[in-house]
2 protein chains.
Amino acid sequence: MILKKKKDKIPERTITRLPIYYNFLLEIQKNDIRMISSQEMARKVGIKASQFRKDLSYFGEFGTQGLGYSVEHLIEKIGGILHLNYRHNAVIVGVGNLGTALMNYPHFGEWGFHIVRAYDLDTSKVGRKIGYTTVKDIRELPRDIMIPLGIIAVPPSSAQEVANLLVASGVRGILNFTGSRIEVPNGVVVRSVDLTYELAVLNYYLSHFVPSGDSKKR
Amino acid sequence: MILKKKKDKIPERTITRLPIYYNFLLEIQKNDIRMISSQEMARKVGIKASQFRKDLSYFGEFGTQGLGYSVEHLIEKIGGILHLNYRHNAVIVGVGNLGTALMNYPHFGEWGFHIVRAYDLDTSKVGRKIGYTTVKDIRELPRDIMIPLGIIAVPPSSAQEVANLLVASGVRGILNFTGSRIEVPNGVVVRSVDLTYELAVLNYYLSHFVPSGDSKKR
DNA sequence: TTAAATTTGTTAAAATTTTCACTATTCGAG
DNA sequence: CTCGAATAGTGAAAATTTTAACAAATTTAA
Ligand SMILES: NC(=O)c1ccc[n+]([C@@H]2O[C@H](COP(=O)([O-])OP(=O)(O)OC[C@H]3O[C@@H](n4cnc5c(N)ncnc54)[C@H](O)[C@@H]3O)[C@@H](O)[C@H]2O)c1
Ligand SMILES: NC(=O)c1ccc[n+]([C@@H]2O[C@H](COP(=O)([O-])OP(=O)(O)OC[C@H]3O[C@@H](n4cnc5c(N)ncnc54)[C@H](O)[C@@H]3O)[C@@H](O)[C@H]2O)c1
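Residues numbered from 1 in each chain as written. Chains lettered and ligands numbered in written order. Predicted model: local features only at pLDDT ≥ 70, side-chain atom pairs only at ≥ 80, totals over all residues. Heavy atoms only, no water.

This part is about the site of ligand 1. Neighbouring ligand 1 are 26 residues; A:Asn97, A:Leu98, A:Asp120, A:Lys125 and A:Val154 lie closest to it. Surrounding ligand 1 is a set of residues that belongs to chains A and B. For ligand 1, an oxygen atom lies 2.8 Å from a polar atom in the backbone of A:Leu98. In the model, a nitrogen atom of ligand 1 is placed 3.5 Å from a nitrogen or oxygen of the B:Ala101 main chain. Protein contacts shield 88% of the accessible area of ligand 1, which totals 820 Å² for the unbound molecule. (Near = heavy atom within 4 Å. Polar contact = N/O pair within 3.5 Å; in protein donor to acceptor, adjacent residues only side chain to side chain. Areas by Shrake-Rupley, 256 points an atom, 1.4 Å probe, with all protein chains shown as cover.)

For the rest of this paragraph, the subject is the packing of aromatic side chains. For the coordinates displayed, the defined rule picks out twelve aromatic pairs over all chains. Ring centres of A:Tyr197 and B:Trp111 lie 5.8 Å apart, and the angle between their planes is 40°; this geometry places the pair in the tilted category. Here the residue A:Tyr197 occupies a position in helix H7 (residues 195-207), and B:Trp111 occupies one in the loop between helix H5 (97-104) and strand S5 (113-120), the pair thus bridging two chains. For the pair formed by A:Tyr197 and B:Trp111, the shared burial category is buried. Judged by centre distance (5.2 Å) and plane angle (85°), the rings of A:Tyr204 and A:Tyr205 are edge-to-face. Relative accessible area serves as the criterion here: at 16%, A:Tyr205 is assigned to the buried category. Linked through ring pairs, A:Tyr21, A:Phe52 and A:Tyr69 together constitute an aromatic cluster. (Phe/Tyr/Trp six-rings, centres within 6.5 Å; stacked < 30°, edge-to-face > 60°. Helix = DSSP H or I, 4+ residues; strand = E, 2+ residues; numbered from the N terminus. Buried < 20%, exposed > 50% of the residue type's maximum accessible area, 1.4 Å probe, protein only.)

Once chain B is rotated about the relating axis by 180° and shifted along it by 0.0 Å, it coincides with chain A to within an RMSD of 0.0 Å. Interpreted geometrically, this transformation is the action of a two-fold axis. The overlap is high: 100% of the interface residues of chain B also sit at the interface in chain A, so the same surface is used on both sides. (Least-squares fit on C-alpha atoms with pLDDT ≥ 70 in both. Contact = heavy atoms within 4.5 Å.)

Around ligand 2, a shell composed of 26 residues is seen, among which B:Asn97, B:Leu98, B:Asp120, B:Lys125 and B:Val154 lie nearest. Here an oxygen atom of ligand 2 sits 3.0 Å away from a polar atom, N or O, in the main chain of B:Asn97. B:Val154 is positioned with one of its backbone polar atoms (N or O) 2.6 Å from an oxygen atom of ligand 2. In the complex, 88% of the free accessible area of ligand 2, which totals 830 Å², lies under the protein chains. Mapped onto the shell around ligand 2, the elements with two or more residues apiece are helix H5 (97-104) of chain A together with H5, helix H6 (159-168) and helix H7 (195-207) of chain B. Along the lines of polarity and charge, the residues of the shell around ligand 2 split into 16 nonpolar, six polar and four charged. (Nonpolar A, V, L, I, M, F, W, Y, C, P; charged D, E, K, R; others polar.)

This next bit is on the sheet that holds strand S3 (residues 68-70) of chain A. All names here are of chain A. Taken together, three strands build an open sheet; the order of strands is S1-S3-S2 and the sheet is antiparallel. Both edges of this open sheet fall to strand S1 (35-36) and strand S2 (63-64), since each of them pairs with a single strand only. Note that S2 and S3 share two bridges and pair antiparallel. Bridge pairing in S3 links Thr64 to Gly68. (Pairing = 2+ DSSP bridges.)

Moving on to the domain arrangement of chain A. Domains assigned within chain A are domain 1 (13-81) and domain 2 (88-197). Between domain 1 of chain A and domain 2 of chain A, the C-alpha centre-to-centre distance is 31 Å. (Domains from an automatic or database assignment.)

What follows covers the environment of B:Phe24. Residue and element names in this part refer to chain B. Residue position: Phe24 is located in helix H1 (residues 12-30). For Phe24, a relative accessible area of 12% corresponds to the buried category. Not counting the four nearest positions on each side in its chain, Phe24 is found in contact with Ile36, Met41, Lys44 and Val45.

Glancing now at the protein's contact with DNA strand D. Among the 27 residues in the neighbourhood of DNA strand D, the closest are listed as A:Ser38, A:Arg53, A:Tyr69, B:Arg17 and B:Gln65. Protein-adjacent atoms of DNA strand D, using a 4 Å cutoff, are sugar or phosphate at a proportion of 64%. B:Arg53 is positioned such that a nitrogen or oxygen atom in its side chain is 3.3 Å from a base nitrogen of DNA strand D. Sorting elements by how many residues they give to the surface near DNA strand D places helix H3 (residues 49-57) of chain B first, with four residues. Of the residues that constitute the surface near DNA strand D, the class distribution is five nonpolar, 13 polar and nine charged.

Residues in close proximity to DNA strand C total 27 residues, the closest being A:Arg17, A:Gln65, B:Ser38, B:Gln65 and B:Tyr69. Taken together, the sugar and phosphate atoms account for 65% of what DNA strand C places within 4 Å of the protein. Interatomic distance of 2.3 Å between a side-chain N/O atom of B:Gln65 and a base oxygen of DNA strand C. If one sorts the elements of the surface near DNA strand C by residue count, helix H3 (residues 49-57) of chain A sits on top with four residues. For the surface near DNA strand C, the residue count by class is six nonpolar, twelve polar and nine charged.

The next thing to look at is the side chain of A:Asp194. Residues and elements named next belong to chain A. Checked against the element boundaries, Asp194 lands in the loop between strand S10 (189-192) and H7. Take Asp194: its relative accessible area is 10%, and that puts it in the buried class. Side-chain polar atoms of Asp194 contact the backbone nitrogen of Thr196, separated by 2.8 Å. Sequence-distant contacts of Asp194, that is, excluding residues within four places in its chain, are made with Phe177, Thr178 and Gly179.

This is the structure:
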């Protein structure tokens, strides 16, 4: 072998599929399934087998020809790629409907994520214990430090302001639920989720329904 | 002109950007901005101007050369494309952390979405009024009918079972929060959102941070 | 009225992502 | 040990999506 393939750019879509694979593998592992082929994997998660293999190929060779993939081994490898074998602390800002739901969700820890701080502007919420953490006043955020992940669950009008605070306090990755775009300095990663948008997209496909062909699944 | 462009296939990514445009337009309309150019639009939502124009071009011509787009007109047009000018009723199944957050969210109505039913297995939750609706027993779902949108917010292990129920009751589009893939008959549209996956993807980019180049925004 | 400045809609090129098709490897049966 | 079946990894083709570039339209300034 001449040279191991160097880190070519990996498609973003590949990255977004990794958690899907990971989750599915965890699930079948619970059912004591030890091996799985790309064929079966693909069928179960609703993609093409070649896509699954191609996705993995960006990171190395994890299977055995003729046999398939060891579920345990693959979980370890994909987990490693996603760095799920480390603990990742997160701050949440905005302990409203959504923020509370996130704080109460008990399964983030299984993926290595831990909400260790929560802040709100509303003093009536300060001091409340939700999930594992007690809500603090937003004004204390600048003093607290060095948590890599931030979750923004405040009203859209405060999104940018909160993002600035988080970045200033050292947050390096932000999950933004507000639907508003936030500007961040170079080097800070933002991902946005908006549940209203998802409904709207769903609704589009519903309204423009074409009876023939496959429906979108997952 | 020989023939008006017929309904070519529209990129899915285009559809997912439409709600972003729509939301931003609503926002600037509140600030009494009447016109906007693709340049400015693009800068504000973090895309290229040519992409914005291309996206719109799939649906018609909505701007005025030399001037830009009328905010009001564009809102109406994009709203029309997404069918937001109609009322869309939705059912939610699983009134836990997330389901409750969704039911309490007061702004879905502004986009034409209305959660008109909510079901849970847990009888201690049945009868509770959350947001505008009262939680009903899941066993009543088969009797209730003809709501086009369904939201699944039950544990992953029940996802498929609930999907089957929803489809049987006439639901045509499903927003699935469980992270489990669900199989649906042809003609039913599914969109999935998993907050854990989003964190995992964010975390990937954080861990594989490349200091040079743009960061991902929005 | 004319010229300069904007800005759209669109065509074509570039970039990205998915799918195909084939080779090589491995297992297990005979 | 040899053969056949199953299946991974991969290079190339195909499909999709983004970006660039420019002609046509419109406004504004002179
Ligand atoms: N809940 C949903 O189903 C849903 C759906 C779509 C979008 N969203 C979006 O998600 C975000 C959160 O939604 P929600 O329903 O939890 O809202 P919410 O109003 O229930 O909660 C917002 C919380 O943020 C706090 N807050 C406001 N400004 C703050 C600031 N500057 N610093 C710290 N805390 C501040 C408020 O006190 C409140 O507790 C919003 O942007 C909303 O538009 C929510
Ligand atoms: N809350 C979060 O932050 C979060 C994060 C990631 C993923 N999720 C996923 O979203 C989904 C909902 O999460 P949650 O935190 O609201 O869960 P939850 O446990 O708080 O609520 C689930 C609700 O569904 C009900 N239920 C269970 N089986 C049912 C059935 N067959 N029919 C009707 N109702 C049934 C339960 O009684 C409960 O009220 C889960 O699949 C979860 O994995 C949630």
